[in-house]
Amino acid sequence: MSGPLHDQAQTLIQVGQQVLHAGTKAAPAMAPGFATVLAKYLGIINTAASLTFLFLSIAFLLWRWRVAYKAEAKREATGG
């Protein structure tokens, strides 16, 4: 397959490849900064704290329901 349209397409592909190669070659490899590491660390702490409080809330509700259920059962057993 040849012709002017094919040649233009090949030229565009070559230019695109050169641009991509130049862009990746010029990009410096850098370690993340302190702010990035701190933000990631605080995000992990925030997530862990949220999950901990969620589980504690559910555990408290289950415990409170159990206490109320036992009290109701005791009240019915004593006839009061």
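Notes on the structure in this doc start here. Nothing here was measured: the structure is a model prediction, and the numbers come from that model.

Focus on the overall build of the protein
- Scanning the protein from N- to C-terminus turns up 2 helices and 0 strands.
- Only carbon and sulfur atoms are counted for the fraction: they give 70% of the accessible area of the protein, which is about 7500 Å².

Structural notes on the packing of aromatic side chains
- Overall, the coordinates contain 2 aromatic pairs when judged by the stated rule.
- Ring centres of Phe60 and Trp63 lie 5.9 Å apart, and the angle between their planes is 40°; on these two criteria the pair is classed as tilted. One end of the pair, Phe60, and the other, Trp63, are both in helix H2 (residues 34–78), 3 residues apart, so they sit about a helical turn from each other.
- Look at Phe60 and you get partly exposed, because its relative accessible area is 48%.
- Classification of Trp63 by relative accessible area gives partly exposed; the value is 46%.
- Centroid distance Trp65 to Tyr69: 5.4 Å. Interplanar angle 20°. Geometry classified as stacked. Remark: Tyr69 and Trp65 occur in helix H2; sequence separation between them is 4 residues, near one turn of the helix.
- On the basis of relative accessible area, Trp65 is assigned to the exposed category, the value being 55%.

The rules we used
- Residues numbered from 1 in each chain as written.
- Predicted model: local features only at pLDDT ≥ 70, side-chain atom pairs only at ≥ 80, totals over all residues.
- Heavy atoms only, no water.
- Helix = DSSP H or I, 4+ residues; strand = E, 2+ residues; numbered from the N terminus.
- Areas by Shrake-Rupley, 256 points an atom, 1.4 Å probe, with all protein chains shown as cover.
- Phe/Tyr/Trp six-rings, centres within 6.5 Å; stacked < 30°, edge-to-face > 60°.
- Buried < 20%, exposed > 50% of the residue type's maximum accessible area, 1.4 Å probe, protein only.

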